[in-house]
Amino acid sequence: MSALGQPRVHYRVIGSTNARARELAAAGVPHGTVVTAAEQSAGRGRQGRTWSAPAGRALLCSVVVRDPPSLLPLAAGVAVAEVAGADAQLKWPNDVLVGGRKVAGILVEGRPQEGWAVVGIGLNVAVRLPDFPPELRATAGTLGLEPDAVEPTLDAVLARLEDWLVADAAAVVAAVRARDALLGRSVRWAGGRGVGAGIDERGRLVVETDSGLVQLDAGEVHLQPGAAPA
Ligand code: BTN
């Protein structure tokens, strides 16, 4: 059994497991404390977005990590991708895709100066495609399992995360490269567009643009639909 997940606090409904885990982290709970919920009323996504999932059909969890490694967002993505399957890919920095559809999102928040972070994971374990709001039906995905798979999936995610938290940065980068969904694909971001050219040793996304290679270390990158240039 994983050392992560002890203690564990579970809610039938909560606003956001990340918000609760942050409160607990600031109050001093130990490394590995996990907050889970069957349902969130104010789930938070990256870039200020919301995150929604039907009750009992998704893994909604937040893990308190003390002394977080520098590549924590990438390490968490690798851990979740391994649970999602051998074919799961990572859309930098840590969206998990299966068959090109996003099955999991990860929101890492923290207070580096206080030495902690919270890893929030939303994984669509048993969400059915009609459950997604219309605007997500073309891009969201699911593992296609039953609701009774949510608990074993939590156990598997925590076990994989425990290993990746202590992996060295080179191993994390290698694992991300092996699942890089953006490699050779047309991408755009707030500052430009180009073709994904890999992940550098610092975990940054490298993009080939008309004016040369650019390294992105934060923010949101969008895959251009269709185009996969030669
Ligand atoms: C993303 O935008 O891709 C990240 C989504 C992260 C969602 C999870 S669900 C559990 C945890 N609690 C939250 O409020 N957000 C994260």
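The following refers to the structure shown. Predicted model, so just to flag it, every value in this text is computed and none were measured.

## Thoughts on the sheet that holds strand S10 (residues 205-209)
At step 1: If you walk across this open sheet you meet the 5 strands as S11-S10-S9-S8-S12, and the pairing is antiparallel. Bordering the open sheet on either side are strand S11 (212-216) and strand S12 (221-223), each of which pairs with just one other strand. Recorded for the sheet is a direction-independent mean angle of 45 degrees between the axes of neighbouring strands.
At step 2: Direction of pairing for strand S8 (residues 186-189) relative to strand S9 (residues 192-199): antiparallel, over a ladder of 4 bridges. Across the sheet, the residue bridging to Trp-189 is Gly-192, located in S9.

## As for helix H1 (residues 17-27)
At step 1: If you check which residues of H1 are buried, you get Thr-17, Asn-18, Ala-21, Leu-24 and Ala-25. All buried residues of H1 project into a common sector of 125 degrees when viewed along the axis, lining one side.
At step 2: As for H1, its buried residues are in contact with strand S1 (8-14), strand S2 (34-40), strand S3 (59-66), strand S6 (101-111) and strand S7 (116-123).
At step 3: You can read the cap of H1 off the contacts: a side-chain oxygen lies 3.2 Å from the backbone nitrogen of Asn-18, and it is on Ser-16.

## Some words on the sheet that holds S6
At step 1: With respect to topology, 7 strands assemble into an open sheet ordered S1-S2-S3-S7-S6-S5-S4, the strand pairing being mixed. In this open sheet, the two strands that pair with only one neighbour each are S1 and strand S4 (89-91). When the angles between neighbouring strand axes are averaged without regard to direction, this sheet yields 20 degrees.
At step 2: Both S2 and S3 contribute to a ladder of 3 bridges, which runs antiparallel.

## A short note on the pattern of salt bridges
At step 1: All chains considered together, the criterion is met by 13 salt bridges.
At step 2: The shortest N-O distance in the salt bridge between Glu-109 and Arg-44 comes to 2.6 Å. Residue Glu-109 is located in strand S6, and its partner Arg-44 is located in the loop between S2 and S3; the two are separated by 65 residues in the primary sequence.
At step 3: Across the salt bridge formed by Arg-160 and Asp-163, the nearest N and O atoms sit 2.6 Å from each other. In this pair, Arg-160 and Asp-163 both sit in helix H3 (residues 150-165), 3 residues apart, roughly one turn of the helix.
At step 4: For Arg-160, a relative accessible area of 27% translates into the label partly exposed.

## With respect to the nonpolar core
One broad trend across soluble globular proteins is that nonpolar side chains are buried collectively.
At step 1: Val-96 and Leu-123 are the most contacted members of the largest nonpolar core, which totals 49 residues.
At step 2: Broken down by secondary-structure element, the contributors of at least two residues to this core are S3, helix H2 (72-84), S6, S7, H3, helix H4 (169-177), S8 and S10.
At step 3: No other element matches the 9 residues that H2 contributes to this core.
At step 4: Excluding its chain neighbours within four sequence positions, the residues that come into contact with Leu-123 are Ala-58, Leu-59, Val-80, Val-103, Ala-104, Leu-143, Thr-153 and Val-157.

## Concerning the site of the ligand
At step 1: In the vicinity of the ligand, 21 residues are found, and the nearest of them are Ser-16, Gln-40, Arg-44, Arg-46 and Lys-102.
At step 2: A distance of 2.7 Å separates a nitrogen atom of the ligand from a polar atom in the backbone of Arg-44.
At step 3: Between an oxygen atom of the ligand and a main-chain N or O atom of Arg-46, the distance comes to 2.6 Å.
At step 4: Protein chains shield 99% of the accessible area of the ligand, which is 410 Å² for the free molecule.
At step 5: Those elements that place two or more of their residues in the shell around the ligand are H1, S3, S6 and S7.
At step 6: With 4 residues, S6 is the single largest residue contributor to the shell around the ligand.

## A few points about unusual backbone geometry
At step 1: A cis amide bond links Gln-6 to the next residue, Pro-7, at an omega of 0 degrees.
At step 2: With respect to the helices and strands, Pro-7 occurs in the segment before S1.
At step 3: Cis peptide bonds are those with omega within 30 degrees of zero, and the linkage from Trp-92 to Pro-93 qualifies with 5 degrees.
At step 4: Tracing the chain through its elements places Pro-93 in the loop between S4 and strand S5 (95-98).
At step 5: Not every positive phi belongs to a glycine, and Gln-47 is a case in point at roughly 55 degrees.

The rules behind the values
- Counting starts from 1 at the beginning of each chain's written sequence and moves along it residue by residue.
- Confidence filtering applies because this is a predicted model: local features only for residues at pLDDT of at least 70, side-chain atom pairs given and counted only at 80 or more, and all residues used for totals across whole chains, interfaces and linings.
- Values shown for side chains rest on all heavy atoms present in the structure; no hydrogens or waters enter the calculation.
- In this scheme, strands are said to pair when DSSP sees at least two bridges between them.
- Helix and strand definitions here come from DSSP, where helices need a minimum of 4 consecutive H or I residues and strands a minimum of 2 consecutive E residues; each element is numbered from the N-terminal end.
- Structural elements are reduced to axes, namely lines fitted to C-alpha atoms, with helices fitted over the stretch in contact, and the angle between N-to-C directions of any two is expressed from 0 to 180 degrees.
- We call a residue buried when its accessible area falls under 20% of the maximum for its residue type, exposed when it is over 50%, and partly exposed in between, using a 1.4 Å probe and counting protein chains only.
- This arc corresponds to the set of directions leading from the helix axis out to the C-beta atoms.
- Contacts are assigned to residue pairs with any non-hydrogen atoms lying within 4.5 Å of each other.
- Nitrogen and oxygen atoms within 3.5 Å of one another constitute a polar contact, given that in protein one can donate a hydrogen and the other can accept it, and given that sequence-neighbouring residues count only through two side-chain atoms.
- Any carboxyl oxygen of Asp or Glu within 4 Å of a side-chain nitrogen of Lys or Arg constitutes a salt bridge here.
- For the purposes of this section, nonpolar cores are sets of buried Ala, Val, Leu, Ile, Met, Phe, Trp, Tyr and Cys residues that join through side-chain atoms within 4.5 Å.
- Nearness of a residue to a molecule or strand requires only that one of the residue's heavy atoms be within 4 Å of it.
- For accessible areas, the Shrake-Rupley method is used with a probe of radius 1.4 Å. Any residue's cover is judged against the shown protein chains and nothing else.

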